[in-house]
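A closer look at the structure
Chain by chain, the residues:
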Amino acid sequence: MWPNFRQYILHFFMRKSILIIGACGQIGTELTYTLREKYGNDAVIASDIREGNESLMASGPFELLDATNYAAIEDVVMHYEIEEVYLMAAMLSATAEKFPMRAWNLNMNSLFNVLNLAKDKKISKVFWPSSIAVFGPNTPKENTAQNTIMEPSTVYGISKQSGERWCEYYFQKYGVDVRSVRYPGLISWKTLPGGGTTDYAVEIYHKALSDKEYNCFLKKDTKLPMMFMDDAIRATMAIMDADAQKIKIRSSYNLAAMSFTPIEILESIQQHIPDFKITFEPDFRQQIADSWPSSIDDSKATEDWEWKSAFDLDKTTKEMLENLAT
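Residues numbered from 1 in each chain as written. Predicted model: local features only at pLDDT ≥ 70, side-chain atom pairs only at ≥ 80, totals over all residues. Heavy atoms only, no water.

1. Here's the deal with the sheet that holds strand S5 (residues 125–127)
Strand order in the open sheet formed by six strands is S3-S2-S1-S4-S5-S7, with parallel pairing between adjacent strands. Lying at the two open borders of the sheet, with one neighbouring strand each, are strand S3 (62–64) and strand S7 (178–179). As judged from the three bridges shared by strand S4 (residues 84–87) and S5, these two strands associate in the parallel manner. For Glu 84, the partnering residue across the bridge sits in S5 and is Lys 125. Of the strands in this sheet, S4, S5 and S7 are in contact with helix H9 (residues 229–241), which crosses S5 at around 155°. (Pairing = 2+ DSSP bridges. Helix = DSSP H or I, 4+ residues; strand = E, 2+ residues; numbered from the N terminus. Contact = heavy atoms within 4.5 Å. Axes fitted to C-alpha atoms, helices over the stretch in contact; angles between N-to-C directions.)

So this is what it looks like as structure tokens:
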């Protein structure tokens, strides 16, 4: 009984009402589970424009919600007396290039909806994710600094850079407590990717187990910043838990863990599956990847709120293969 009682006491004193918009996506799904484990199932309201998997739907409250509909979001916020919003809804890089206006509408209007709720004191804190897509072809590739040339060349990147500027503006002008990190490519065995340029780094593990071969849509030497999902969730919660005085950057923090090429991930997988093979057939996503950094300097996040990654490539490979095989 004691562990359950202890968990109840922790939930009682830590309880807050949280809304996750975009809870059925790659990040949102795992973030929902983790926040519910910490604060209690009923304290975390999941929402999305569609229903999620059976496990997510059974784990706590869920609302069908269009992130571009201000009135609908406001209704949910008022009904559940929401304090914090995690805005995870977005159209990602590869998909956004096919539907630019839809991507801009979703990515920007959803952000304005949440920022305006915070401006009007209807919620107290906002998390909004940015991305390495804010950087462009003229950005220094190696160890890309927190403050540097950006000039994004994709709809997704343009929307994220614009969003960063609006987040800082709302903080400076209205005192909105908005916090953000620039996610690199994310790797998870629990959820499938959602149309990003770094999706190959998830697909490759599935194919290694099912087919023992993979046709990669990027060139073999394309080096990109990546992160295991556990690290991404931990970073998200760490920045939200940090004292407001420690958050010095109100646009978005660089976030890093590892960088690798398709050849390097192949070699890592071959330590476990020696006969795994890969072929290369670059498509339109290659041009997007070429505009992004190869590695990221996240020292500001380390200095301000003590961020440190836990997963490198080999540890990630081990986790992915072991969990996907079960």
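2. Some words on the packing of aromatic side chains
According to the stated counting rule, one finds twelve aromatic pairs in the structure shown. Their ring planes at 70° and their centres at 6.2 Å tell us that Tyr 169 and Tyr 170 sit as a pair that is edge-to-face. A relative accessible area of 38% means that Tyr 169 is categorised as partly exposed. Arranged with centres 6.4 Å apart and planes meeting at 40°, the rings of Trp 305 and Trp 307 form a pair that is tilted. Stacked on the ring of Phe 217, the Lys or Arg Arg 285 has its end atom at 3.5 Å from the ring centre. In this structure, Lys 315 is placed above the aromatic ring of Phe 311, and the distance from its NZ or CZ to the ring centre is 4.5 Å. (Phe/Tyr/Trp six-rings, centres within 6.5 Å; stacked < 30°, edge-to-face > 60°. Buried < 20%, exposed > 50% of the residue type's maximum accessible area, 1.4 Å probe, protein only. Lys NZ or Arg CZ within 6 Å of the ring centre and 35° of its normal.)

3. Let's talk about the pairing of strand S11 (residues 224–228)
With respect to burial, S11 is a largely interior element, five of its five residues being buried. Burial along S11 is two-sided: the residues Leu 224, Met 226 and Phe 228 and Pro 225 and Met 227 are all buried. Where strand S9 (residues 185–187) meets S11, three bridges bridge the pair, whose relative direction is parallel. Within S11, the position partnered with Ile 187 by the bridge is Phe 228. Both S11 and strand S13 (residues 258–260) contribute to a ladder of three bridges, which runs antiparallel. Opposite Met 226, over in S13, you have Met 258 as the bridge partner.

4. Quick notes on the nonpolar core
Counting 41 residues, the largest nonpolar core has Ile 187, Tyr 200, Tyr 205, Phe 260, Ile 265 and Ile 269 as its most contacted members. Put simply, the parts of the chain that give this core at least two residues each are helix H7 (155–174), helix H8 (200–210), strand S10 (213–216), S11, S13, helix H10 (262–270), helix H11 (285–290) and helix H13 (313–324). Ranked by residue count, the leading element in this core is H8, at six residues. Those residues in contact with Tyr 200 that sit more than four places away from it in its chain are Tyr 214, Cys 216, Phe 217, Leu 218, Met 226, Phe 260, Thr 261, Pro 262 and Ile 265. (Core = buried A, V, L, I, M, F, W, Y, C linked by side-chain atoms within 4.5 Å.)

5. Concerning the packing of helix H2 (residues 26–39) against H9
The contact between H2 and H9 brings their axes to 10 Å, and the two run at 55°. The angle between H2 and H9 places the two elements in the oblique class. You can see that H2 and H9 cross each other, and the crossing is right-handed. Every residue of H9 that contacts H2 at Gln 26, Ile 27, Glu 30, Leu 31, Thr 34, Leu 35, Lys 38 and Tyr 39 is listed here: Met 229, Asp 230, Ile 233, Thr 236, Met 237 and Asp 241. Counted by class, the contact of H2 with H9 contains seven nonpolar, three polar and four charged residues. (Parallel < 35°, antiparallel > 145°, perpendicular 65-115°, else oblique. Left-handed = near helix turned anticlockwise from the far one by under 90°. Nonpolar A, V, L, I, M, F, W, Y, C, P; charged D, E, K, R; others polar.)

6. Description of the sheet that holds S13
As summarised here, the arrangement of the three strands in space is S9-S11-S13, forming an open sheet in which the pairing is mixed. Looking along the sheet, the strands with just one partner apiece sit at the ends: S9 and S13. Along the sheet, successive strands turn relative to each other by an average axial angle of 45°, direction set aside. Those strands touched by H9 are S9 and S11, and its axis lies near 80° from that of S11.

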